[in-house]
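Residues per chain are reported as follows:
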4 protein chains.
Amino acid sequence: MSIRIAVIGAGVMGADHARIVAEDLPGAQLQVVCDRDAARARSVAEALGAVDTATDPEAVIARADVDAVIVASPDVTHAPLSLAALRAGKPVMCEKPLSQSAEECLEVMQAEQESGARRIMIGFMRRYDQSYVEMTRALRDGTLGRALMMHNFHRNVETPNAEFTGAMAITNSAPHEFDVARHVLGTEYRSIWAAQPQRSDDRVAPVVMMLETTDDQLVTIEVNNNAAYGYDVRAELVGEAGSVSMNNVVHTRLDAALSSATRYDSDWRGRYAEAYRRQNRDFLRFVQTGAFPATAADCWDGYCAALVAETGVRALETGQRMPVEMIARPAFYDRDGGASG
Amino acid sequence: MSIRIAVIGAGVMGADHARIVAEDLPGAQLQVVCDRDAARARSVAEALGAVDTATDPEAVIARADVDAVIVASPDVTHAPLSLAALRAGKPVMCEKPLSQSAEECLEVMQAEQESGARRIMIGFMRRYDQSYVEMTRALRDGTLGRALMMHNFHRNVETPNAEFTGAMAITNSAPHEFDVARHVLGTEYRSIWAAQPQRSDDRVAPVVMMLETTDDQLVTIEVNNNAAYGYDVRAELVGEAGSVSMNNVVHTRLDAALSSATRYDSDWRGRYAEAYRRQNRDFLRFVQTGAFPATAADCWDGYCAALVAETGVRALETGQRMPVEMIARPAFYDRDGGASG
Amino acid sequence: MSIRIAVIGAGVMGADHARIVAEDLPGAQLQVVCDRDAARARSVAEALGAVDTATDPEAVIARADVDAVIVASPDVTHAPLSLAALRAGKPVMCEKPLSQSAEECLEVMQAEQESGARRIMIGFMRRYDQSYVEMTRALRDGTLGRALMMHNFHRNVETPNAEFTGAMAITNSAPHEFDVARHVLGTEYRSIWAAQPQRSDDRVAPVVMMLETTDDQLVTIEVNNNAAYGYDVRAELVGEAGSVSMNNVVHTRLDAALSSATRYDSDWRGRYAEAYRRQNRDFLRFVQTGAFPATAADCWDGYCAALVAETGVRALETGQRMPVEMIARPAFYDRDGGASG
Amino acid sequence: MSIRIAVIGAGVMGADHARIVAEDLPGAQLQVVCDRDAARARSVAEALGAVDTATDPEAVIARADVDAVIVASPDVTHAPLSLAALRAGKPVMCEKPLSQSAEECLEVMQAEQESGARRIMIGFMRRYDQSYVEMTRALRDGTLGRALMMHNFHRNVETPNAEFTGAMAITNSAPHEFDVARHVLGTEYRSIWAAQPQRSDDRVAPVVMMLETTDDQLVTIEVNNNAAYGYDVRAELVGEAGSVSMNNVVHTRLDAALSSATRYDSDWRGRYAEAYRRQNRDFLRFVQTGAFPATAADCWDGYCAALVAETGVRALETGQRMPVEMIARPAFYDRDGGASG
Ligand SMILES: [Mg+2]
Ligand SMILES: [Mg+2]
Ligand SMILES: [Mg+2]
Ligand SMILES: [Mg+2]
């Protein structure tokens, strides 16, 4: 039997998830597309042949003909709808962030633990990107020796939002980096520093962060939301014996006008299309088997990302290195020698 | 309703096609896996949840619960089974080559024309590879100016077959290059030259070919079946204004031991996984709509590949440039301004 | 008439300078090779056809048949011998550092100002490296827009010295990075942070630094003295409109054993051979014309490098961001719109 | 004592040679700059501090204050002036080609043999280029196994000469490729094929050649005098165990406007500056020691290049593979296990 999936949110992310369910997830059926904006829900549903549309997410989550839920509605709804899925006893893949508030993440964790079983995956899809998979492998198989540093660069062409601030770069853009570096290194953060250069205009300047891990490694992160030249994510994992760097994956090179050039994308969708597909296939297997995927992020990961982001904002404000003060990880979230264990 | 697909042949290629149908083709159902070796058919069918298995391909093609056929059995069966599909009035995707005999290709073309409709796609999946798509686009959109040359390199790690000859390199390996260069350039061949260097052992040496097109372009092709260092396909399309080259697509780079290195695959499957998926999705759309895909190869393309290969073998034997003597293309095989038109 | 140059110090650096003077500096003559170890001086002098050898550097500097001096003896001798050259009224190219003590640098600056003319060049040869020249040009010609960040990575295969510390990485290795980033950006430093990860052995771990400039830019520097995989210097200059990155300059690529690889050097000499040649040719022109070269480092640059290194050591010790507290630049050291002005 | 060198010809090539002698050849003195155009000779001589200028090359070659000669005057003068140098008993570095006529090359060879000593170096400077040096090394040290093929691409931005023909591409541009492939492989040519695509304008189209060597290897050469996009020389040496490819040597990469780009030069001078320097230093050593350099090209090499070019022109005219019919190499031109021996 096909797994009947409801997608909550029919914006850019929700429409992408719905398309993957409809076209790239044999064994799954796009049961409901739900959006507060009924017309938007209908538009996505019709294009993809969804069974039904709806406007009330909590009602959708409770429906008998819905086996599992993907939450891709606005960030503030992520935690409440994840809680609704817990109440309905249904597996949910919640887009990142679980919440921007570490406190609210703890509440969801509490509810999940009380529910007695893992039900919530967080959409940190970078973990499924082939580049990070190869990095992680080179670390696990001993090629690199002990990991010492990870350098991360996240660059967007521009931030259309005129109100976007350095604090928002840390809370909205950096969590992907916070999570994937934790995941690759298999560790937690101990402290974070942050600084910004000054731009000549009023757009948000890059934020550069330096983090220490509990295993005494260093992680540097640059988030540059107005890099102008292209969408570009880079990472390098430096070990005692060698280093693995991410390539910009391109298929052709153009020689013209005294230049040899490859292209950058203007946004993130092409870059991570395969990672989203892999992540959602892993979610489907989770729904089918009940076994939480070794690679997927869970609520603990969501909490860690939110907490380090909150701490990073204070570091940027104070200009001081700030300690990341985490609770102890509940045994409920232990992995058996998994990638981030 | 799902399209019910039978896959004929459960060897490496057939198993791959069956896997794509089962896992990557929403809207299709893996109905039958057929192989002369019943155990092999069962093994593939069970792993992928096929509905049925069989050992008689002609009977499978005629079955009422089979809507379309993928032929991936040994090369000599390709033309006969394509003819069987024509008789059954069913669309077929036939792995390359349609036949190694241009004469036999003409017979299939004759039958297809008499059947009154296009039913046969040939599995020249390179046309769907992103690198060639980008090359073709740079040519069509004027970036390159008039195309002058295309340089092609096909390298395998090794040829296990001790009996493999230069002639076989031309008939078995080069057709992918013959087809994709014709497709990118949108032209036919006029002549072919071929030569081989001498190896120090008894393995087959590379074959280097130079072809002239009917539009007065040059195509060079190196087929090196024992290149040792890796599976590596390269191509460069040179125009009057610039040039587009294929990249080796890799996700990471390893710095270790005084070297900065990327990896080659040891075989072709990773390299063309996405091209096969795209091709088979195009086949599914063809089955659903009846409209022959603009990108796909047809029997005319199969005939051209076989004829230039036959001519290339004579060129290698004689050491002389040999004219490629084609029939005129039947109007039946015209494309409406399509990529190879 | 040829300029007669004395090279003080016949170790690795001194022998390299002597070779450049003898073989790559038409218009210069290798007059004296001076080393406390007479045999070492003779060995270098004979191989290169020097006119004379000596063991007393101050006497050599005073000789009437010596027009100019290159100081490449141990670091502690740099300032005293530069002062000796000032007393002799002779131009000197002093290997970096002028001194590891900012205080001692100020003393040399004082003496040079009192001498009434610029006589001292500091051997920060990176400024002459083609990569940094191209970066600087892209910034000056407006290609990059306002500079926001510069990321710098300095990696050696290994540090043979078992006593080498993180503080020494800052005082001995990082000054090249401190200087060249100041030079490219045309600015000074305001603050520095520093941290180290933990290695699994007792070798010195990398030091990662983050510096703010007085123009509100960020400079990150990683100095990894035991990077294992190769000698590797990287830099990226990030502006508001784009970014320029340094390439690892290599002439060939080897495809073998499922790998496509370029080589790293095992030390710095090949990497900067051309920069040393350019620098020493600039020194020769300085001697010939009396005009201090626009690109060359002077005592002010030597002071800045020493001061930021001293501050960086305290930042590493305290774990705090430390202000770089510079004196105001004496007008004597002004440049006329030069590269670092 | 300095070697006093006369440079014959003060055009682009001659001026470059004169500059190298004046600025990059310690031990040499730029004695005479000679050109039929006295003003041009004076202009170059003054810029570089030459001792004297002249307009009569034969008289210059005979002067007592000239120890050695570099011939960089028009191609038709190369053989006559080389003969004049033989008569004067002086070593000469003659720019390529020795002559475009194989017959005239044989006459010079005859005269050189009768003179009893090697005196003539031919300016095939590619042999000194680091890329080819590394290729040759990878072949000689066994890394590549037996050499099977060498692929060569020579591309210029444009040919200003409206009368330039495919035959001229073979006789004027291809000889560098003919020579360096022979040199790297250490072999001679047995046959040559040639063809041209058709351009849309009246500029000379690329010429593609395929050559067989006497060791049963294949050499492909593309000469594209109107490649538009940049000056670009590529080569790949393919052996049984691996392959070495030439890199485009660049120092920086620019990320801007959705593109990551490196630059091509617009002409050959930057690309081969170091090769010319190395070659001329080797010539100086030859003058000083009398020992013919292992790497340098001699009259035999000049003859081979001329003969294969003449044969290539006939191959292009006839469309047939043409045998390269060489004389046996005179023992006078044997090398002792040298690179092309
Ligand atoms: Mg996500
Ligand atoms: Mg195929
Ligand atoms: Mg230095
Ligand atoms: Mg030359």
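For clarity, every value in this text was computed on a predicted model and none was experimentally measured.

Chemist: Teacher, can you tell me more about the overall build of chain A here?
Modeler: The secondary structure content of chain A amounts to ten helices and 15 strands. Computed over the C-alpha atoms, the radius of gyration of chain A is 20 Å, within 12% of the 20 Å expected from 2.2 N^0.38 for a compact globule of 341 residues. In terms of its C-alpha atoms, chain A occupies a principal-axis envelope of roughly 55 × 55 × 40 Å. A buried classification covers 62% of the 341 residues belonging to chain A. The long-range share in chain A, meaning contacts at least 24 apart out of those at least 6 apart in sequence, stands at 72%. Total accessible area on chain A is roughly 11900 Å²; 49% of this is exposed by carbon and sulfur atoms. The positive charge centre, built from 34 side chains, and the negative charge centre, built from 47, are 3 Å apart in chain A.

Chemist: Got a minute to help me understand the UniProt feature "domain: Gfo/Idh/MocA-like oxidoreductase N-terminal" (unreviewed entry) in chain A in this structure?
Modeler: Following the UniProt record, the feature "domain: Gfo/Idh/MocA-like oxidoreductase N-terminal" (unreviewed entry) maps to residues 3-123 of chain A here. For residues 3-123 of chain A, the helix share is 45%, the strand share is 21%, and the end-to-end C-alpha distance is 19 Å.

Chemist: What should I look at first to understand the relation of the copies chain A and chain C in this one?
Modeler: For these two chain copies, the linking operation is a rotation about an axis paired with a shift along it. Once chain A is rotated about the relating axis by 180° and shifted along it by 0.0 Å, it coincides with chain C to within an RMSD of 0.0 Å. In short, the pair behaves as if placed about a two-fold rotation axis. Every residue of chain A has its C-alpha some distance from the rotation axis, and the shortest such distance is that of Q320 of chain A, at 3.7 Å.

Chemist: What is the right way to read the sheet that holds strand β4 (residues 68-71) of chain D from this model?
Modeler: Within a sheet, adjacent strands bond to each other through the backbone by hydrogen bonds, running parallel or antiparallel. Residue and element names in this part refer to chain D. With parallel pairing, six strands are arranged side by side in an open sheet as β3-β2-β1-β4-β5-β6. The two strands at the open ends of the sheet, each matched to only one other strand, are β3 (52-54) and β6 (120-122). Going across the sheet, the axis of each strand differs from the next one's by a mean of 25°, ignoring polarity. Pairing between strand β5 (residues 92-94) and β6: three bridges, direction parallel.

Chemist: I keep staring at the interface of chain D and chain A and nothing clicks. Help me out?
Modeler: How big an interface is tends to be stated in terms of accessible area lost as the parts join. At the interface, 17 residues of chain D touch 17 residues of chain A. Three residues stand out in chain D for area buried against chain A, namely Y229, L258 and Y264 of chain D, and they jointly supply 43% of the buried area on that side. Our enumeration of links across chain D and chain A arrives at two salt bridges. The salt bridge partner of D255 of chain A is R234 of chain D, with a shortest N-O separation of 2.8 Å. In this assembly, chain D and chain A are joined by ten residue pairs in polar contact (both at pLDDT 80 or more). At the level of secondary structure, the elements contributing two or more residues to the side of chain D that touches chain A comprise β13 (252-256) and β14 (259-263) of chain D.

Chemist: Sorry, what's going on with the interface of chain A and chain C here?
Modeler: Opposite the 40 residues of chain A that make contact, chain C presents 40 residues. Across the interface of chain A and chain C, roughly 3000 Å² is buried in total on both sides, 60% from carbon and sulfur atoms. Linking chain A with chain C are four salt bridges. Between E236 of chain C and R155 of chain A there is a salt bridge, with the nearest N and O atoms lying 2.8 Å from each other. The interface formed by chain A and chain C holds twelve residue pairs in polar contact (both at pLDDT 80 or more) in total. Contributing elements (two or more residues each) for the side of chain A that touches chain C: β7 (147-155), β8 (189-195), β9 (207-213), β10 (218-224), β11 (232-239) and β12 (243-246) of chain A. Here the residues of the side of chain A that touches chain C sort into 17 nonpolar, 13 polar and ten charged.

Chemist: Can you walk me through the domain arrangement of chain A in this structure?
Modeler: Residues and elements named next belong to chain A. Per the domain assignment, the segments making up chain A are domain 1 (3-124 + 274-297) and domain 2 (127-271 + 303-323). Taking the mean C-alpha position of each, domain 1 and domain 2 sit 26 Å from one another. Each partner contributes residues to the interface: domain 1 has 23 residues there, and domain 2 has 18 residues. Overall, the association of domain 1 and domain 2 removes approximately 1800 Å² of surface from exposure, summing both partners, and the carbon and sulfur fraction of that is 60%. Counting the contacts that link domain 1 with domain 2 gives zero salt bridges. There are ten residue pairs in polar contact (both at pLDDT 80 or more) connecting domain 1 and domain 2. For the side of domain 1 that touches domain 2, the secondary structure elements donating two or more residues are α1 (12-24), α5 (102-115) and α9 (269-289). The element that contributes the greatest number of residues to the side of domain 1 that touches domain 2 is α9, accounting for five residues. A breakdown of the residues in the side of domain 1 that touches domain 2 according to their chemical character gives 13 nonpolar, six polar and four charged.

Chemist: Sorry if this is basic, but what is going on with the pairing of strand β12 (residues 243-246) of chain D here?
Modeler: Each regular strand shows side chains that alternate between the opposite faces of the sheet. With burial as the criterion, each face of β12 of chain D is covered, one bearing S243 and S245 of chain D and the other bearing V244 and M246 of chain D. Two strands pair when backbone bridges link them, and strand β13 (residues 252-256) of chain C and β12 of chain D are joined in this way by four bridges, in the antiparallel orientation. By the bridge assignment for β12 of chain D, D255 of chain C is matched with S243 of chain D. With three bridges connecting them, strand β11 (residues 232-239) of chain D and β12 of chain D associate as antiparallel partners.

Chemist: Sorry, what's going on with the packing of aromatic side chains here?
Modeler: Centre-to-centre distance and the angle between the planes together describe a pair of aromatic rings. Under the counting rule described, the total for this entry stands at 28 aromatic pairs over all chains. Through a chain of ring-to-ring contacts, the aromatic side chains of F283, F286 and F292 of chain A assemble into a single cluster. The side chain of R269 of chain C reaches across the aromatic face of W268 of chain C, ending 5.7 Å from its centre. In this structure, R118 of chain D packs its charged tip against the face of F292 of chain D, placed 4.5 Å from the ring centre.

Chemist: How should the sheet that holds strand β4 (residues 68-71) of chain C be read in this particular structure?
Modeler: All names here are of chain C. A sheet is described by the order of its strands in space; here six strands give the open sequence β3-β2-β1-β4-β5-β6, paired in parallel fashion. Either end of the sheet is taken by a strand with one partner, and the two such strands are β3 (52-54) and β6 (120-122). Here the strands of the sheet are splayed against their neighbours by 25° on average, with no regard to which way each runs. Taken together, the four bridges between strand β1 (residues 3-8) and β4 define a ladder with parallel strand orientation. Pairing of I8 across the sheet is with V71, part of β4.

Chemist: I'm lost on the side chain of H78 of chain C in this one. Help?
Modeler: All names here are of chain C. Mapping H78 onto the fold places it in helix α4 (residues 78-88). Within polar-contact distance, the side chain of H78 engages the backbone oxygen of E95 at 3.0 Å. Those residues within four positions of H78 in sequence are excluded, and the remaining contacts are V71, S73, C94, E95, K96, P97 and L98.

About the cut-offs
Residues numbered from 1 in each chain as written. Chains lettered and ligands numbered in written order. Predicted model: local features only at pLDDT ≥ 70, side-chain atom pairs only at ≥ 80, totals over all residues. Heavy atoms only, no water. Helix = DSSP H or I, 4+ residues; strand = E, 2+ residues; numbered from the N terminus. Rg over C-alpha atoms; globule rule 2.2 N^0.38 Å. Buried < 20%, exposed > 50% of the residue type's maximum accessible area, 1.4 Å probe, protein only. Contact = heavy atoms within 4.5 Å. Areas by Shrake-Rupley, 256 points an atom, 1.4 Å probe, with all protein chains shown as cover. Lys, Arg positive; Asp, Glu negative; His and termini not counted. Charge placed at Lys NZ, Arg CZ, Asp CG, Glu CD. UniProt positions renumbered as here; feature names shortened; annotations may be inferred. Least-squares fit on C-alpha atoms with pLDDT ≥ 70 in both. Pairing = 2+ DSSP bridges. Axes fitted to C-alpha atoms, helices over the stretch in contact; angles between N-to-C directions. Buried area = accessible area lost by both parts, 1.4 Å probe. Salt bridge = Lys/Arg side-chain N within 4 Å of Asp/Glu carboxyl O. Polar contact = N/O pair within 3.5 Å; in protein donor to acceptor, adjacent residues only side chain to side chain. Nonpolar A, V, L, I, M, F, W, Y, C, P; charged D, E, K, R; others polar. Domains from an automatic or database assignment. Phe/Tyr/Trp six-rings, centres within 6.5 Å; stacked < 30°, edge-to-face > 60°. Lys NZ or Arg CZ within 6 Å of the ring centre and 35° of its normal.

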